[in-house]
Amino acid sequence: MTTSPQPRANVAAIPAYVPGRPPTPRPGLTSYKLSSNENPYPPLPGVLGAAVEAAAEMNRYPDMGTAALYEALSQRLGVPTDHLAAATGSVALIYQLLSAFCDPGDEVVYAWRSFEAYPIAVTVAGATSVRVPLTADGRHDLAAMADAVTERTKVVLVCTPNNPTGPSVTQAELDDFLARVPSHVVVVVDEAYVEFVRMADPVDGVATALAHPHVIVTRTFSKAYGLAGFRVGYAVAQPPLAAALRAVSLPFGVSHVAQAAAIASLAAEDALLERVDALVAERDRVLAGVREAGWEVPDAQGNFVWFPAGDRALELAAAAEELGITVRPFAGDGVRVSIGETEAHERVIELARRTRS
């Protein structure tokens, strides 16, 4: 009997990634996309010129070793280049890590709800997800996550600030957690939103990775640096882990244009900090307004605010559409609202007022 080719059994079980929807045009009303945690600003000074110049060489392959980007990151972070690995966004590094360290059936522990790509990446690797519920205020329950580690656990993912709920773990909490996790288990500290953190005792991911041979820190240029369309992220880890990530990377994965834009972005740190400070100020203003409207919302340390709407998530998203803002609902859990254009934020606060009663 002839049958058609069949993918591995786990492929059919891969959850679909749901991207943030673009804004819906509304007559007489400017619509805003607040569904993808994008940076609303144009490229940082010097970045567009660097990208255009690099694009003139599109007939050539990019530097597969990303040497210039590694050197720039080394100077910026104070780490040797052999501690670095680059990929098409920090999410690609998660995929590479699970590919490098997980055999089918191995367990990967992470909080839930957390970054939507985690269960996708785990399933792609043929591994098994172990989801540990967040606390009532949207935080990682690190004690419960440590309890969930078994002899089958290969990787633990800690998203801080947590996407989509917003809170971050502290350095003391992370240190206590690492003391409980066996040294053969890889701990990923996913710091995609690290630039937006404003709290006491923040995590120093780079120092943590330098101090622990089983820790990998992942970061991205997509959020604070505004390079979401170019897809470039990086990891910091001690040389054996960094080498494993590079070994399983897609050849020529980070484009020449993306590398040039990332290097130029690192050189524009003063302008970056000004923009991030402005976004943080708007985040805090929106958070205060939403709470004043009657919502009990978690701490926000990323560039977004979380509405714990539960079963009303889709209803809340529909109400946002009526106000000309597109948000990101997670059915049954809540709604994430990105911090974007200032003009949109009064509508977010109005959304809170209309939907709380």
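Since the structure is predicted, the reported quantities are computational estimates derived from the model, not experimental observations. (Residues numbered from 1 in each chain as written. Predicted model: local features only at pLDDT ≥ 70, side-chain atom pairs only at ≥ 80, totals over all residues. Heavy atoms only, no water.)

(A) Representation of the overall build of the protein chain. Each helix and strand in the protein chain was counted, giving 12 helices and 12 strands. Against the 2.2 N^0.38 benchmark of 21 Å for 357 residues, the protein chain shows a C-alpha radius of gyration of 20 Å, consistent with a compact globule. Counting only C-alpha atoms, the protein chain reaches 60 × 55 × 50 Å along its principal axes. Taken over 357 residues, the protein chain has a buried fraction of 55%. If you take every contact in the protein chain between residues at least 6 apart in sequence, the share linking residues at least 24 apart comes to 73%. Total accessible area on the protein chain stands at roughly 15,400 Å², and carbon and sulfur atoms take up 56% of it. (Helix = DSSP H or I, 4+ residues; strand = E, 2+ residues; numbered from the N terminus. Rg over C-alpha atoms; globule rule 2.2 N^0.38 Å. Buried < 20%, exposed > 50% of the residue type's maximum accessible area, 1.4 Å probe, protein only. Contact = heavy atoms within 4.5 Å. Areas by Shrake-Rupley, 256 points an atom, 1.4 Å probe, with all protein chains shown as cover.)

(B) Seen up close, the pattern of salt bridges. Per the stated rule, a full pass over the model turns up 19 salt bridges. A salt bridge links Lys33 to Glu38, with the shortest nitrogen-to-oxygen separation between them at 3.2 Å. Judged by relative accessible area, which is 26%, Lys33 ranks as partly exposed. Judged by its relative accessible area of 33%, Glu38 falls in the partly exposed class. Linked by salt bridges that have partners in common, Asp103, Asp106 and Lys154 make up one network. (Salt bridge = Lys/Arg side-chain N within 4 Å of Asp/Glu carboxyl O.)

(C) Spotlight on the packing of aromatic side chains. Under the definition given, this model contains 10 aromatic pairs. For the ring pair Phe221 and Tyr225, a centre distance of 4.9 Å and an interplane angle of 55° mean the geometry is tilted. Like Phe221, the residue Tyr225 is buried in the burial classification. Arranged with centres 5.1 Å apart and planes meeting at 80°, the rings of Trp295 and Phe307 form a pair that is edge-to-face. Of this pair, Trp295 sits in the loop between helix H10 (269-292) and strand E9 (304-307) while Phe307 sits in strand E9, and the two are 12 residues apart along the sequence. (Phe/Tyr/Trp six-rings, centres within 6.5 Å; stacked < 30°, edge-to-face > 60°.)

(D) Seen up close, the packing of H10 against helix H12 (residues 342-356). One way to put it is that H10 packs onto H12 with a least axis distance of 9 Å and a crossing angle of 20°. Judged by the angle between their axes, H10 and H12 are roughly parallel. For the pair H10 and H12, the crossing hand works out as right-handed. For the pair H10 and H12, the contacting residues are Glu282, Arg285, Val286, Gly289 and Val290 in the first and Thr342, His345, Glu346, Val348, Ile349 and Ala352 in the second. Partitioning the contact of H10 with H12 into residue classes produces five nonpolar, three polar and three charged. (Axes fitted to C-alpha atoms, helices over the stretch in contact; angles between N-to-C directions. Parallel < 35°, antiparallel > 145°, perpendicular 65-115°, else oblique. Left-handed = near helix turned anticlockwise from the far one by under 90°. Nonpolar A, V, L, I, M, F, W, Y, C, P; charged D, E, K, R; others polar.)

(E) How the structure looks around the environment of Leu174. Within the secondary structure, Leu174 sits in helix H6 (residues 171-180). A relative accessible area of 0% means that Leu174 is categorised as buried. Separated by 34 residues in sequence, Leu174 and Thr208 place their C-alpha atoms 9.0 Å apart. Those residues in contact with Leu174 that lie beyond four places of it in its chain are Leu142, Val169, Val189, Val203 and Thr208.

(F) Layout of the state of the cysteines. Within the structure shown, the criterion is met by zero disulfides. Counting only cysteine sulfurs, Cys159 is the nearest neighbor of Cys102, a cysteine outside any disulfide, at a range of 17 Å. Take Cys159: its relative accessible area is 3%, and that puts it in the buried class. (Disulfide = S-S within 2.5 Å.)

(G) Quick look at the layout of surface pockets. Space inside the largest pocket adds up to approximately 590 Å³. Looking at the largest pocket, it is lined by 32 residues, and the ones nearest its centre are Tyr17, Ser36, Phe115, Lys223 and Arg231. Elements with a minimum of two residues in the lining of the largest pocket: helix H3 (90-101), helix H4 (117-124) and strand E11 (328-330). Per element, the largest residue contribution to the lining of the largest pocket is three residues, and it comes from H3. Its residues assigned to classes, the lining of the largest pocket comprises 15 nonpolar, 10 polar and seven charged. (1 Å grid on protein atoms, 1.4 Å probe; cavity = no way out; pocket = protein on both sides within 12 Å on 5 of 7 lines; lining within 4 Å. Points joined across faces, edges and corners; volume = space filled by probe spheres on them.)

(H) Here's a closer look at the sheet that holds strand E4 (residues 128-133). One open sheet accounts for seven strands, arranged E2-E8-E7-E6-E5-E3-E4; its pairing is mixed. Only two strands of the sheet have a single neighbouring strand rather than two, namely strand E2 (84-87) and E4. With direction set aside, neighbouring strand axes in the sheet form an average angle of 25°. Pairing between strand E3 (residues 107-112) and E4: six bridges, direction parallel. Counted as the bridge partner of Glu107 is Thr128 from E4. (Pairing = 2+ DSSP bridges.)

(I) Here's a closer look at helix H9 (residues 256-266). Counting buried positions along H9 gives nine out of 11 residues, so the element sits mostly inside the fold. Buried within H9 we find Val257, Ala258, Gln259, Ala260, Ala261, Ala262, Ala264, Ser265 and Leu266. On the buried face of H9, the contacting elements are helix H1 (47-55), helix H2 (67-77) and H10.

(J) Local environment of the environment of Asn37. Note that Asn37 resides in the loop between strand E1 (32-33) and H1. You can call Asn37 buried: its relative accessible area is 1%. It is 22 Å that separates the C-alpha atoms of Asn37 and Arg26, two residues lying 11 residues apart in sequence. Residue contacts for Asn37: discarding those within four places in its chain leaves Asn163, Tyr193, Lys223, Asn303, Phe304, Arg336 and Ser338. Side chain to side chain, Asn37 and Tyr193 meet in a polar contact 2.9 Å long. (Polar contact = N/O pair within 3.5 Å; in protein donor to acceptor, adjacent residues only side chain to side chain.)

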